[in-house]
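A closer look at the structure
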Amino acid sequence: MMNSSFICKVLFLSIFCFAGISFAKEKNNQKFYPASSQAFLFTGRVDFTNPSLPRFYSPGVYVQGRFKGSSCEIEVNDEVLYGTSHNFITVVIDDGAPTRIKLSGKTNKIRIAENLSDKTHTFLLCKSTESGIGYIEFVGVRCDTLLPPPESKSRKVEFIGNSITCGMGADVSFPCNGTGAWYDQHNAYMSYGPLTARSLHADWVLSAVSGIGLIHSCCDMDIKMPQVFDKMNMRENTGTWDFSQYQPDVVTVCLGQNDGIQDSTAFCDAYIAFLKQLRTHYPRATILCLTSPMASRDLLAFLKTNLGAVINEMKTTGDDNVYSYAFSKRFYKGCGEHPDLSEHEEIAGELSKVIKRIKRW
């Protein structure tokens, strides 16, 4: 787990421009490497319909690369949904502290590193806002020399959920009731899923949509998780995802907050059906069903009871690779009573221990 001083550093870094990172002019003495280059490693539900402009819809989708030289510039397109929404990205250089950047236009050229030592460096670019804020397109990188991509990690985890899993309301360095947009507090990179994955030395995928439920979604949404789980853009229920592109070792399911307390039979039947749906895509994955970190006392009791019944039923059908876990307390210090960054760290700490125990990692 990261200590409180690191969280404070992350909050301090959550600004539009910091240190050597800026919206930059092109350097003529460097070479541009397009996104279609084989030197990039993409992780998540990426839409490669146009290989030159791969699209990221979901929160937490990321691309990595290696370069040689003292500086590096990225180019990213922003959908600018509704003509006003601008995505946030998170950039990490050499596994250092993350910097969160709000895109400013349809096209964005951002110098993510400069004045580095003239040696090999790495970068990671992560979409930190969710599909409801629109897509981003990775255009490419300008640097001295782009090197072969890093290797993907041997361990892989997928986190299925709602706004909590998206990292909504987490980054309170932006005031909850400030003058900015409602999504300013989104921080997928520092949400519990990626934190858990990094502590386990694993890659991650976030399959999450704010407001979504298993049998009931909030906010007049006309989609539910089982309906959209096979899509690249889950919020709009479009673009079929190829599950062979990412086969996780562990899948966590964190649904129920938006369902609320429902008829137990209907909820359990739907949950079992969804787990069987997951099993068709991930025959060997360990599935871990979680209570909601935001759950009230009554909802927590409902989820614990019914998840226990779901696990027992799955085991009677011969599926012994399914587990459940109830979080130790309610996390609510972020915007809209969502977990804040420090609480996401606590959630990740609990979840990492459970996965380590089950998987013996």
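What counts and what doesn't
Residues numbered from 1 in each chain as written. Predicted model: local features only at pLDDT ≥ 70, side-chain atom pairs only at ≥ 80, totals over all residues. Heavy atoms only, no water. Core = buried A, V, L, I, M, F, W, Y, C linked by side-chain atoms within 4.5 Å. Buried < 20%, exposed > 50% of the residue type's maximum accessible area, 1.4 Å probe, protein only. Helix = DSSP H or I, 4+ residues; strand = E, 2+ residues; numbered from the N terminus. Contact = heavy atoms within 4.5 Å. Disulfide = S-S within 2.5 Å. Pairing = 2+ DSSP bridges. Axes fitted to C-alpha atoms, helices over the stretch in contact; angles between N-to-C directions. Phe/Tyr/Trp six-rings, centres within 6.5 Å; stacked < 30°, edge-to-face > 60°. Lys NZ or Arg CZ within 6 Å of the ring centre and 35° of its normal. pLDDT = per-residue confidence, 0-100.

1. Here we look at the nonpolar core
- Met225, Phe229, Val253, Tyr271, Phe274, Leu275 and Leu278 are the most contacted members of the largest nonpolar core, which totals 39 residues.
- Elements with a minimum of two residues in this core: helix 4 (225–228), strand 16 (250–254), helix 5 (264–281), strand 17 (286–290) and helix 6 (297–316).
- Looking at this core element by element, the count peaks at eight residues for helix 5.
- Setting aside chain neighbours within four positions, we find Leu278 in contact with Ile160, Phe229, Val251, Val253 and Ile287.
- Counting 32 residues, the second largest nonpolar core, distinct from the first, contains Val92, Tyr189, Ala197 and Ile355.

2. Describing the state of the cysteines
- The final tally for this structure, using the stated rule, is two disulfides.
- Covalently, Cys218 is tied to Cys219 through a disulfide, its sulfur atoms 2.4 Å apart. Between Cys218 and Cys219, the S-S dihedral sits near -70°, and the bridge is therefore left-handed.
- Regarding the disulfides, the protein carries the connectivity 1-4, 2-3 under sequence-order numbering of its bonded cysteines.
- Looking at the unpaired Cys289, the closest cysteine sulfur is the one in Cys254, lying at 10 Å.

3. Structural notes on the environment of Ala170
- With respect to the helices and strands, Ala170 occurs in the loop between helix 2 (163–166) and helix 3 (192–199).
- The exposure class assigned to Ala170 is buried, which follows from its relative accessible area of 1%.
- Residues Ala170 and Ile101, spaced 69 residues apart in sequence, show a C-alpha to C-alpha distance of 15 Å.
- Sequence-distant contacts of Ala170, that is, excluding residues within four places in its chain, are made with Gln185, Pro339, Asp340, Leu341 and His344.

4. Thoughts on the sheet that holds strand 18 (residues 322–325)
- Pairing within the open sheet is parallel, and its five strands lie in the order 13-12-16-17-18. Edge strands, defined here as strands with exactly one partner in the open sheet, are strand 13 (202–208) and strand 18. The mean inter-strand angle of the sheet, taken between neighbouring strand axes irrespective of direction, is 20°.
- Bridge count between strand 16 and strand 17: four bridges; the pairing is parallel. Pairing of Val251 across the sheet is with Ile287, part of strand 17.
- In this fold helix 3 packs onto strand 12 (155–161), strand 13 and strand 16, with an angle of close to 165° to the strand it touches most, strand 13.
- Sheet strands touched by helix 5: strand 12, strand 16, strand 17 and strand 18. Its angle to strand 17, the strand with the most contacts, is close to 150°.

5. Some details on the packing of aromatic side chains
- Under the definition given, this model contains 19 aromatic pairs.
- Their ring planes at 70° and their centres at 6.4 Å tell us that Phe40 and Phe123 sit as a pair that is edge-to-face. Taken as a pair, Phe40 in the loop between strand 2 (31–34) and strand 3 (41–43) and Phe123 in strand 10 (residues 119–127) lie far apart in primary sequence, 83 residues in all. An identical accessibility class is assigned to Phe40 and Phe123; each is buried.
- Look at Phe243 and Tyr282: their rings are 5.7 Å apart centre to centre, the planes differ by 80°, and that puts the pair in the edge-to-face class. Of this pair, Phe243 sits in the loop between strand 15 (238–240) and strand 16 while Tyr282 sits in the loop between helix 5 and strand 17, and the two are 39 residues apart along the sequence. Here Phe243 matches Tyr282 in class, with each residue buried.
- For Arg198, the ring lying beneath its charged end belongs to Tyr189, and the centroid distance is 3.8 Å.
- Above the ring of Tyr323, the side-chain terminus of Lys315 is found at 5.3 Å from the ring centroid.

6. Observations regarding the confidence of the model for the protein
- Averaged over all residues, the pLDDT of the protein is 93; the fraction at 70 or higher stands at 92%.
- Between residues 1–26, whose pLDDT stays under 50, and residues either more than four places distant or in other chains, the model counts 70 contacts.

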